[in-house]
Amino acid sequence: MPALDLAVLAAVLLAGGVLLWPRIARAEGWRATVTPLASIIGSGFLVLGPLLDHAYGAWAPAVMAALCALAWGFGAAIRRNIARIEEGQRPAADSHIETLASWALAFAYVISVAYYLNLFGSFAVTLTPFDSPLAARLTTTAAFALILVTGWTRGFAALEGMERYAVTLKLAIIAGLLLGLVVYFTAKAGAGELIVKPVQLGPWPALTLAMGLIVTVQGFETSRYLGQSYTAPRRIASMKRAQLIATAIYMAYILLAAYIFPPGEIETSETAIIDMMRVVAPILPPLLVVAALAAQFSAAVADTGGSGGLVQELTRGRVSQTTAYALLTAAGLALTWGYHVFEIIAFASRAFALYYALQSLLAARASTGPRAALFYTLAATGLAIALLGQSAETG
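Calculation rules
- Residues numbered from 1 in each chain as written.
- Predicted model: local features only at pLDDT ≥ 70, side-chain atom pairs only at ≥ 80, totals over all residues.
- Heavy atoms only, no water.
- Helix = DSSP H or I, 4+ residues; strand = E, 2+ residues; numbered from the N terminus.
- Rg over C-alpha atoms; globule rule 2.2 N^0.38 Å.
- Buried < 20%, exposed > 50% of the residue type's maximum accessible area, 1.4 Å probe, protein only.
- Contact = heavy atoms within 4.5 Å.
- Areas by Shrake-Rupley, 256 points an atom, 1.4 Å probe, with all protein chains shown as cover.
- Lys, Arg positive; Asp, Glu negative; His and termini not counted.
- Charge placed at Lys NZ, Arg CZ, Asp CG, Glu CD.
- Polar contact = N/O pair within 3.5 Å; in protein donor to acceptor, adjacent residues only side chain to side chain.
- Salt bridge = Lys/Arg side-chain N within 4 Å of Asp/Glu carboxyl O.
- Phe/Tyr/Trp six-rings, centres within 6.5 Å; stacked < 30°, edge-to-face > 60°.
- Patch = residues over 30% accessible without salt bridge, like charges linked within 9 Å, V, L, I, M, F, W, Y side chains within 5 Å.
- Axes fitted to C-alpha atoms, helices over the stretch in contact; angles between N-to-C directions.
- Parallel < 35°, antiparallel > 145°, perpendicular 65-115°, else oblique.
- Left-handed = near helix turned anticlockwise from the far one by under 90°.

When you go through the protein residue by residue, the secondary structure sums to 16 helices and zero strands. The C-alpha atoms of the protein give a radius of gyration of 20 Å, which matches the 21 Å a tight globule of 395 residues would have. Overall, the C-alpha framework of the protein stretches about 65 × 50 × 45 Å when taken along its three principal axes. The 395 residues of the protein split such that 56% are buried. Across the protein, contacts joining residues at least 24 apart in sequence account for 84% of those joining residues at least 6 apart. As displayed, the protein has an accessible area near 16,100 Å², and 66% of this comes from carbon and sulfur atoms. In the protein, which carries 24 positive and 20 negative side-chain charges, the distance between the mean positions of the two groups comes to 11 Å.

Take the environment of S367 next. Counting through the fold element by element, S367 comes out in the loop between α15 (341-365) and α16 (369-388). Assessed through its relative accessible area of 13%, S367 is described here as buried. It is 45 Å that separates the C-alpha atoms of S367 and L146, two residues lying 221 residues apart in sequence. Discounting residues that sit within four places of it in the chain, S367 has contacts with R80, A372 and F375. Separated by 2.7 Å, the side chain of S367 and the backbone oxygen of A363 make a polar contact.

Moving on to the pattern of salt bridges. Between side chains of opposite charge, pairing is possible as soon as their charged atoms come close. Under the defined criterion, the tally for this structure stands at seven salt bridges. Across the pair R365 and D94 runs a salt bridge whose closest N-O atoms are separated by 2.5 Å. Of the two residues, R365 is situated in helix α15 and D94 in helix α6 (residues 92-125); the sequence distance between them amounts to 271 residues. Among the residues examined, D94 registers a relative accessible area of 0% and is labelled buried.

For the rest of this paragraph, the subject is the packing of aromatic side chains. Across all of its chains, the model carries nine aromatic pairs by this definition. Aromatic side chains Y355 and Y356 sit 5.7 Å apart centroid to centroid with 55° between the ring planes, which places their arrangement in the tilted category. Judged on exposure class, the residue Y355 and its partner Y356 are both buried. Of the aromatic side chains, those joined through ring pairs into one cluster are F74, Y109, F220, F352, Y355 and Y356.

Bringing a nonpolar patch on the surface into the picture now. A cluster of nonpolar residues, W204, L207, L354, L383, L387 and L388, forms a patch on the protein surface that exposes about 570 Å² of accessible area. When contributions to the nonpolar patch are tallied by element, the ones reaching two or more residues are α10 (203-211) and α16. Tallying contributions element by element places α16 first for the nonpolar patch, with three residues. Within the element layout of this structure, L388 appears in helix α16.

Attention now moves to unusual backbone geometry. Located in the positive-phi region is R316, a residue other than glycine, with phi close to 55°. If you trace the backbone, R316 turns up in the loop between α13 (284-314) and α14 (321-338). Classification of R316 by relative accessible area gives exposed; the value is 72%.

At a minimum axis separation of 7 Å, α15 and α16 run at an interaxial angle of 160°. Here α15 is positioned roughly antiparallel relative to α16, judged by the angle of their axes. By crossing handedness, the relation of α15 to α16 is classed as left-handed. On the side of α15, the interface is formed by S349, R350, A353, L354, A357, S360, L361, A363, A364 and R365, while α16 contributes A372, F375, Y376, L378, A379, G382, L383, I385, A386, L387 and L388.

On their own, these measurements won't tell you what the molecule is for.
Set out below in structure tokens:
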């Protein structure tokens, strides 16, 4: 085994061991951070590198920074709302806005499950002889069926236990990936072979494509709904921590990956990262497939459960969780067989952007001065993304 492969494997094992160390794994602060972090770093990490590199070239890190900054702004709005709920009674209008936001989130979950499971299907077949769009969609369909049957018969308690281990596995493999990229980047820089690529899109398509990628950095909002497990200050702190960790990982990843691949080697398929990382270290593709499968399935389970619970609550029990799971599966299969994964990403981005716009509006109504102006601006931005976000296919 080449020395770099050994170093990558050692980094994976070391990072995994640290994250599973009882003092860390059982710490309440870390456990509260794991849920939003699991949602933020997942599917987006797999598709963002090749997509940003192909579309934005040398400007990919700047676009990544803008996405992270926008996500931090939306996170600040949700953190303001978490704190406000603790303060007591809110105006009736705010309760109506909160209900609309909850419906938007339930709808966004439906699309995000399709997004996660379509990536699950693509990565499941990518290193097999059956690597084709049909095989990927059939695998996605089987995953939907498994989740539906599990939700109907047993509930998700058993599967939800995967989350902590899936996050640990994912972060450990990301540590190995970043080490491999650092070594490869350093070698390229030392040989004077770094590549500065131009932007491939005009100003408006570049902007609307970036709008269609907000889902790749979402997930922090899950802290908003952990009130039964953690106090408001704990949830606020955990969201900040999760967003800072995710931002550091995303920025390091894009900075290292944006200048080492020639333009002709970059594809915009959902599994393009596999071919890219094969050049860096042969051990990375199978590791990334393992990370992808664990991350996508656990995220799909979490969002299926979240959507079913929200729909049951919003309809005051008139629509049961099991019925909601069936509706979600039907919608997910329609998306799977009717659209490309990048189109599903854009749909999910629009749905989450609408939710963030409503949460920002709530935060603005509870603030004054410059903070209120900031949150109103974020609300307008979220609405613009919901209306204008485009997929990589059409952007």
